[in-house]
Amino acid sequence: MMLCARDVSFTIDRRTIVDRVHLEVAAGEFFGIVGPNGSGKTTLLRMLAGLRPPSSGVVLLGGVPMTALGRRDLAQRVALVEQQAETSERLSARQAVELGRTPHLSALTPWSRRDEAVVTAMIDLVGMAGFAARPWHKLSGGERQRLHIARALAQEPRLLLLDEPTNHLDIEHQIGLLALVRALGITVVAVLHDLNHAAMFCDRIAVMQDGLVCAVGPPPEILTRDRLAGVFNVDARVENDGEGGCFIRYTRPCPVHPRVAFGDFP
Ligand SMILES: Nc1ncnc2c1ncn2[C@@H]1O[C@H](COP(=O)(O)OP(=O)(O)OP(=O)(O)O)[C@@H](O)[C@H]1O
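Predicted, not measured: the structure shown is a model, and the values here were computed from it.

The next subject is the environment of Leu-180. When you line up the elements, Leu-180 lands in helix 6 (residues 171-183). Placed 54 residues apart in sequence, Leu-180 and Val-126 show a C-alpha to C-alpha distance of 8.4 Å. If we skip the residues at most four places from it in the chain, Leu-180 touches Leu-125 and Val-126.

Structure representation (structure tokens):
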């Protein structure tokens, strides 16, 4: 499902956090948003999800302004997994995923065998089948994160928005999750901190800096040594992966001498 942000800004306390962002994400594209801490990624993602109305500009989903879609319509099309998503502690793992079916239920369409099958399939997809009966509060951070993804997939969204989806995951599950999401073939917009993951999985990425999108394009065009230095303040070599992509090799900085030592404190 095509997503378009037209000159979208967000201002709070007279500070512009997202500044006239223009983006077009094609149906089926895996689109990454990268940028330093505080550059406006989460704020932009929440506007793309229709959760935060822009101060100016418009977000269009399939050509329709988000603001024209009712909450239920929106939830049937768009799923968002936020950074510190929480779920009530009294639920089991399976019940947490079942919440993803809520937008599809009504008095006329009560819980059905199809809902049951979708929930089972999504729990299975994220490798959590053995955990379904476990109480939520007894799960690890990574297990919860995988179930948050399963809950979002159980919504059967056409647009999936992910804010640092690999948080808490071990390396196998970081790579497995991004590969899985990519294989779904739906439109995905993901805020990613790991630039090598962005390079591996994204069709295109947008780089944010101080609320502005300063570059958009395929990873090898965008993740240049100069940009990594200018935007992220790191020294790195960008190498060709031999398959049309790239990977980044960071340079260890020279040793820095802290201006304080623990012994300085009485
Ligand atoms: N509700 C708010 N009120 C005031 N300032 C806010 C609010 N929400 C976000 N900000 C500020 O806006 C800026 C952008 O925040 P945002 O969370 O979008 O950044 P980010 O790029 O996602 O950061 P990170 O990588 O650290 O998650 C930050 O400086 C943040 O402190």
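Resuming the write-up.
So, on to the sheet that holds strand 8 (residues 187-191). Strand order in the open sheet made by the 6 strands is 6-7-8-3-9-10, with mixed pairing throughout. Looking at which strands have only one partner, the edges of the open sheet turn out to be strand 6 (78-81) and strand 10 (212-217). Across the sheet, the axes of successive neighbouring strands diverge by a mean angle of 15 degrees, strand direction being ignored. By the bridge criterion, 5 bridges tie strand 7 (residues 159-163) to strand 8 in an arrangement that is parallel. Paired with Leu-161 across the two strands is Val-189, which belongs to strand 8.

Taken as a whole and assessed by the stated rule, the structure comprises 12 salt bridges. Where Glu-156 meets Arg-101, a salt bridge forms, and the shortest distance between an N and an O atom there is 3.0 Å. With Glu-156 in the loop between helix 5 (141-154) and strand 7 and Arg-101 in the loop between helix 3 (93-98) and helix 4 (113-125), the pair connects residues that are 55 residues apart, well separated along the chain. Close ionic contact of Glu-156 with Arg-114 constitutes a salt bridge, the shortest N to O distance being 2.8 Å. Note that Glu-156 is positioned in the loop between helix 5 and strand 7 and Arg-114 in helix 4, a separation of 42 residues in sequence. With a relative accessible area of 48%, Arg-114 lands in the partly exposed category. If you follow the salt bridges from partner to partner, you end up with Arg-101, Arg-114, Asp-115 and Glu-156 in one network.

Take the confidence of the model for the protein chain next. Of all residues in the protein chain, 98% attain a pLDDT of 70 or more, and the chain-wide mean is 93. We note a pTM of 0.93 for the whole complex and an ipTM of 0.98 for its interfaces.

Close contacts around the ligand come from 14 residues, with Gly-38, Gly-40, Lys-41, Thr-42 and Thr-43 the closest. Separating an oxygen atom of the ligand from a side-chain N or O atom of Arg-15 is a distance of 3.0 Å. In the model, an oxygen atom of the ligand is placed 2.8 Å from a nitrogen or oxygen of the Gly-38 main chain. Calculation on the ligand without its partners gives an accessible area of 640 Å², and the protein chains cover 66% of this total. Contributing elements (two or more residues each) for the shell around the ligand: strand 2 (15-25) and helix 1 (41-48). Counting residues per element, the shell around the ligand draws most heavily on helix 1, which supplies 3 residues. The residue inventory of the shell around the ligand, partitioned by class, reads 3 nonpolar, 8 polar and 3 charged.

Rules and cut-offs
Residues numbered from 1 in each chain as written. Predicted model: local features only at pLDDT ≥ 70, side-chain atom pairs only at ≥ 80, totals over all residues. Heavy atoms only, no water. Helix = DSSP H or I, 4+ residues; strand = E, 2+ residues; numbered from the N terminus. Contact = heavy atoms within 4.5 Å. Pairing = 2+ DSSP bridges. Axes fitted to C-alpha atoms, helices over the stretch in contact; angles between N-to-C directions. Salt bridge = Lys/Arg side-chain N within 4 Å of Asp/Glu carboxyl O. Buried < 20%, exposed > 50% of the residue type's maximum accessible area, 1.4 Å probe, protein only. pLDDT = per-residue confidence, 0-100. Near = heavy atom within 4 Å. Polar contact = N/O pair within 3.5 Å; in protein donor to acceptor, adjacent residues only side chain to side chain. Areas by Shrake-Rupley, 256 points an atom, 1.4 Å probe, with all protein chains shown as cover. Nonpolar A, V, L, I, M, F, W, Y, C, P; charged D, E, K, R; others polar.

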